[in-house]
Each structure stands twice: as structure tokens, then as C-alpha cells.
Amino acid sequence: MAKFLAELLGCTLPEKGASPMFEVSLKSVSFHVTSITVLDRADVTYSQVWGPILGIRALLMFLYILQQDKMPQTPPFPTMYGSNGYNKNLYKAKEEDYEGLYYHDNNLVSGSLEALIEHLVPTVSYYPDRTYIFTFLLSSRLFIHPYELMSKVCHLCVDQQRLTDPQADKVQEVRKIAPKILQLLTEWTETFPYDFRDERMMKSLKELTHRLSTGDELYRKAVQQMTQTLIRKLTTLSQYEEALAKINSSVTDRLTVLKTKPQSIQRDILTICSDPFTLAQQLTHIELERLSYIGPEEFIQALVQKDPLDNDKRCFSDHKKASNLEAYVEWFNRLSYLVATEICMPVKKKHRARVIEFFIDVARECFNIGNFNSLMAIITGMNMSPVSRLKKTWSKVKTAKFDILEHQMDPSSNFYNYRTALRGATQRSITAHSSREKIVIPFFSLLIKDIYFLNEGCASRLPNGRVNFEKFWELAKQVMEFMTWKKVECPFDRDRKILQYLLTAPVFSEDALYLASYESEGPENNMEKDRWKSLRCVCDLILQGC
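Residues numbered from 1 in each chain as written. Predicted model: local features only at pLDDT ≥ 70, side-chain atom pairs only at ≥ 80, totals over all residues. Heavy atoms only, no water.

1. Some thoughts on the overall build of the protein
- Assigned secondary structure in the protein consists of 24 helices and five strands.
- Looking at the protein as a whole, 55% of its 546 residues qualify as buried.
- Relative to all contacts within the protein whose residues are 6 or more apart in sequence, the contacts with residues 24 or more apart total 77%.
- A total accessible area of about 25,100 Å² is found for the protein, and carbon and sulfur atoms account for 50% of it. (Helix = DSSP H or I, 4+ residues; strand = E, 2+ residues; numbered from the N terminus. Buried < 20%, exposed > 50% of the residue type's maximum accessible area, 1.4 Å probe, protein only. Contact = heavy atoms within 4.5 Å. Areas by Shrake-Rupley, 256 points an atom, 1.4 Å probe, with all protein chains shown as cover.)

And the structure:
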């Protein structure tokens, strides 16, 4: 795929392992102050941040300096959003210049789709605010395919350059507008690279960048660097997807393992790692890696598949979608089942109790790290019916620490306790004195739920047909905060043996969990006895076929 993209864009494929020449810059600002109690440690107070994720390449900045006419500057990121989520510094064009855009208290609140697209495209004297670029590129796919948007942007850019006018001084026109168009394309390819898995996107990108780079070596180099970075990202994504597929294909059912390998020589989690903090660190490695591949557009793809005013137009049905969001949810489910499997598998009650206490300690360390997703997965696994019914086992467990963890993740009052802890972890991240304090891994299913209800609770179009841009601001605010979290690099050393076990160790299905649970502690009523008999018959048939 990388070779194809390089040929399509007419650029040189970078060497394997080469690093990008420019990195995305990240700045931030604190808004609120709360506190978080770190379990078994001192209370710490931090300041919350909600910051940007879009960057500008150094070369493009250099190109701006070369311009004769001074262009409007994008406002600094610390003042991008107020407490209501609206952008306070959005460049307010005159309504007679941009018909179809509507403002309230200097905030863009609605507009026609065509006017919003026009507002995205730079002119000689105007460049859109970065918050607007991110917000519109994120949410416009509710109404229009990305490749269709790119096509419209290309046509508008060509009109701005007046390259279709044979009387125009093409070189001069390119020099006036090219840096701004290149910056827009750079922000698009950096923030939404998965859009460019569509060949139609690549075709439009190649056509426009060819116009920009014709006859100017400086622009040609900027285009080449942008496309090389894009190809590198898409190649990495393809490799990641292949690795996930390989991992998933290697996972076998635990019942098969029990049949082919005596239980006395089987591995369990305590033989692989007996230190809760180390296991929590390795879980954090997996979480951050999988988070890093989720594109912002995947949240929108998960919300809606078609334009609400067009019953036949499906916005993502005809090109390859990234599925990293679904893969991340599957990881949560796998971890929950792995925890339940490790608890139900041991024959001896004492061993089962020890495993439960071990996972309680792992969950506590995940909380202290800021890894709320693994924390919730572990709690979910321990609360599964096959585990929770093991009353004799739980009687041997010191549950005080587990009760505290359950209180932190209590779903009552819309997960109030968890949301308070999340704010504290976010504040810690922005005032961090070490890389370990920067980690914030949210309970992902709740994040998806929040975005889903925001989408369902607000109409995408107003009764007059205009696009509801107030809703778009709110969607962008939540997604951009996630984008900040996912860029944190894991500071812990990798342990390949532990990671391999967490990712590939066989786990019980739900029926197998119940069977193992009944084998450990017999059925207590007639319903459980009937289910046990039924499961044993099914299990015998499965094992006979192995």
C-alpha cells in the first residue's frame, strides 16, 4: 500500500524506520482545579487541561515569513475554548462576505454546508482558525464524504489561485496562496490521515499539490515532506492491523488447551507475573498502544452512517474504514474474560482467592497510574456471575480494597466518582513532573456513551436546514480531549513475555466460565444444576471433537 501511495503522489518513499522531519506541537492550558485521592498514597492536587492537537510544520512557517502580505494569524491555543466549549477567538468574517454563516455572541452557531465549506478554504487575506478546521473536518462527515469534501476544497482552492484564468500570473498567485493551502492540507493529513486510505482522496490531494509545487522547489519539498509523513502513518496503520489479525488468529479456546495440555503444566497469570505493579504497567502499554491508533473520525463513524436528510446516502459504505475503535472495545472484553478465566480456572479455593487478591492489587495500581480502562475491565471480570457466585472463595478474600475500587467506578449519579477521578488524573497530566504522571486512559465505553448521547440529544441540522455548529463544537471538544490523552507515550519498560500472555493467553467463553465455576463450587439450586448438566454435555461433545 505504501508503494502505491508513493507512486500516486509522486514522492519518494522514506527509509524504513526514518523519523518525520517535523513533529506535531502540543500546547495546553489549565482551566479548573480539583483533587484526586491516590489509593494508598498521598493526596495530590492538579490542574485540568483541555488542549490542542493540530500542528504546523516548521517549513510552512518559513514560507509564511517569505510572503509579502501579512496573513491573519491563528489565535493562540490557550484561549481556543471557553467553559461552554465554544471557540472564543474564531475569526468572524463579515456576514455579507460569507453568506450562510450565523453567529451568536461572536460564536459561529450554524450555517449552510456550502458556506461552512467555503469558510474552511484559505484566501490571500484569510486562514481559518485551527479549532474550526478540526471541528469541521471531524463533523462534516455526518453530511458529506471526505473525498467529496476534498474535491470541493480543491475546486475552491483553484478558484482562489485563479489558475484557471489564462491571463493570471500563475507563479505570483501560487506564491500568495500556496503556503496557506499547504498548511490546511498538512493539518488534514496529520489529524485525519485515515481519510487518505481512499484512493479518491489521494487523487485529489495529488492534483492539488501538483499545482502548488509546479515551478517552485521550496513548495515541492514541503509537499514531499507532507506526503512522506502521510505514507508513513498509513503504512504503520496497515502493519498494526496485520499484527492485530495475527494475534487474534493465534488465540485458542481454553477448553482446547485443557484437553491437550495437563492442568499441572499449564501457565497462569501468577506464573507469568506475580507483581501487581508490573502487570499494571504492561496493561498500560497495551492500552496506550491501542489508543494511539484510534482516529478522531472513528467516533463519528460509530455514531451515524448517513445524512439525516438523505435516507439513501451512506457516508462510509464504499471505502475502507479504520476499525481501531472496535478493536479497542474488543480488548476491554478480552481483559475482562481473562480476569474471570484466571479466577475460575484453579481447582483449589485458596489459589482462587489468591488470584482475586492479586487482581485487586493490579486494579489499584491501574487507578494510581491513571489507567481507568484496565481498572474497569478488571472490576467487570471479577463481577461476572461465574466469579461472583464463588461465595466460599470470596469468603477467603480481604475485600476492603476491592470495595474502594468499586466505589470509585460506581455507576450511580452518571459515574460521578469516576468522573471526579478522571478530572484529577487530567490535572495531574498537565502539571506532571514525570512522564508517568502524564498518563490518562479513560473508561472508553463511557466516553463512547457520552459522545453517543451528545449526538442523539442534539439535532445535526436545525429546522431551517442549517447545520447545527453548536453541536459540532461540543463533539470536537470531547474528541480533542481524547486526542490529547492518546498522544502520551508509555514510560514503562516492556516485558514481552507478559505482553504476549495478556494478548494471546486462551480464555474461557461464558459457558466455559460457568462450567469451571460449577466445578469449583457446586450448583446451589435446581436452575444451576440443570445448567451444569447441560454445559457438561456440550463440553464433552466439544472435547471429543478436539
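2. So, helix α13 (residues 324-344)
- With 21 residues, α13 should reach 30 Å at 1.5 Å per residue; the first-to-last C-alpha distance of 30 Å fits that figure.
- Across the 21 residues that make up α13, a large majority, 16, are buried. (Expected span 1.5 Å × (residues − 1).)

3. Considerations on unusual backbone geometry
- Positive phi, close to 55°, is recorded for S413, a residue that is not glycine.
- Mapped onto the elements, S413 comes out in helix α19 (residues 412-430).
- Residue S413 is classed as exposed on the basis of its relative accessible area of 61%.
- We note that N414 has phi near 55°; this positive angle belongs to a residue other than glycine.
- Tracing the backbone through its elements, the reader meets N414 in helix α19.

4. Some thoughts on the packing of helix α20 (residues 444-457) against helix α21 (residues 469-486)
- Running from N to C, α20 and α21 cross one another at 170°; their axes reach a closest spacing of 10 Å. Considering their axes alone, α20 and α21 lie roughly antiparallel with respect to each other. Contact with α20, carried on its side by F444, L447, D450, I451, L454 and N455, involves K471, E474, L475, Q478, V479 and F482 of α21 and no other residues of that element.
- Of the residues in the contact of α20 with α21, the class split is seven nonpolar, two polar and three charged. (Axes fitted to C-alpha atoms, helices over the stretch in contact; angles between N-to-C directions. Parallel < 35°, antiparallel > 145°, perpendicular 65-115°, else oblique. Nonpolar A, V, L, I, M, F, W, Y, C, P; charged D, E, K, R; others polar.)

5. Digging into the side chain of R334
- Relative to the helices and strands, R334 is located in helix α13.
- Among buried charged residues, R334 stands out as having no salt bridge; its nearest opposite-charge side chain is E342, 7.8 Å away.
- At 2.9 Å, the side chain of R334 and the backbone oxygen of L502 are in polar contact. (Lys, Arg positive; Asp, Glu negative; His and termini not counted. Salt bridge = Lys/Arg side-chain N within 4 Å of Asp/Glu carboxyl O. Polar contact = N/O pair within 3.5 Å; in protein donor to acceptor, adjacent residues only side chain to side chain.)

6. Points about the pairing of strand β3 (residues 101-104)
- Every second residue of β3 is oriented toward a common face, the buried set being L101 and Y103 and the non-buried set Y102 and H104.
- Examined bridge by bridge, β3 and strand β4 (residues 107-111) share four bridges and lie antiparallel to one another. Across the sheet, the residue bridging to L101 is G111, located in β4.
- Counting the residues between successive antiparallel strands, the hairpin from β3 to β4 contains two residues, one of them, D105, with a positive phi of roughly 55°. (Pairing = 2+ DSSP bridges.)

7. Describing the environment of L182
- Looking at the element boundaries, L182 is found in helix α6 (residues 170-191).
- Residues L182 and P122, 60 residues apart in the sequence, show an inter-C-alpha distance of 9.9 Å.

8. Let's talk about the pairing of β4
- Among the five residues in β4, five count as buried, and that is most of the element.
- Looking at chain direction, β4 and strand β5 (residues 467-468) are connected through two bridges and run antiparallel. By the bridge assignment, G111 is partnered in β5 with V467.

9. Some remarks on the confidence of the model for the protein
- Averaged over all residues, the pLDDT of the protein is 78; the fraction at 70 or higher stands at 72%.
- Considering only residues more than four positions removed or in separate chains, one finds that residues 1-97, a stretch of pLDDT under 50, has 235 contacts.
- A low-confidence stretch, residues 306-319 (pLDDT under 50), is modelled with 37 contacts involving residues beyond four sequence positions or located in other chains. (pLDDT = per-residue confidence, 0-100.)

10. Quick look at the pattern of salt bridges
- All chains considered together, the criterion is met by twelve salt bridges.
- Taking the shortest distance from any N to any O, the salt bridge between R200 and D198 comes out at 2.9 Å.
- By relative accessible area, which is 30% here, R200 ends up partly exposed.
- Its salt-bridge partner being R364, residue D361 comes within 3.9 Å of it at the nearest N-O pair. Taken together, the residues span about one helical turn, with D361 and R364 both in helix α14 (residues 349-369) at a distance of three residues.
- Here the salt bridges share partners, and the residues they tie into one network are D361, R364 and K401.

11. Some words on α14
- An ideal rise of 1.5 Å per residue puts 30 Å on 21 residues; α14 measures up with 30 Å between its terminal C-alpha atoms.
- With respect to burial, α14 is a largely interior element, 16 of its 21 residues being buried.
- Of the residues trailing α14, G370 is marked for its positive phi of about 105°.

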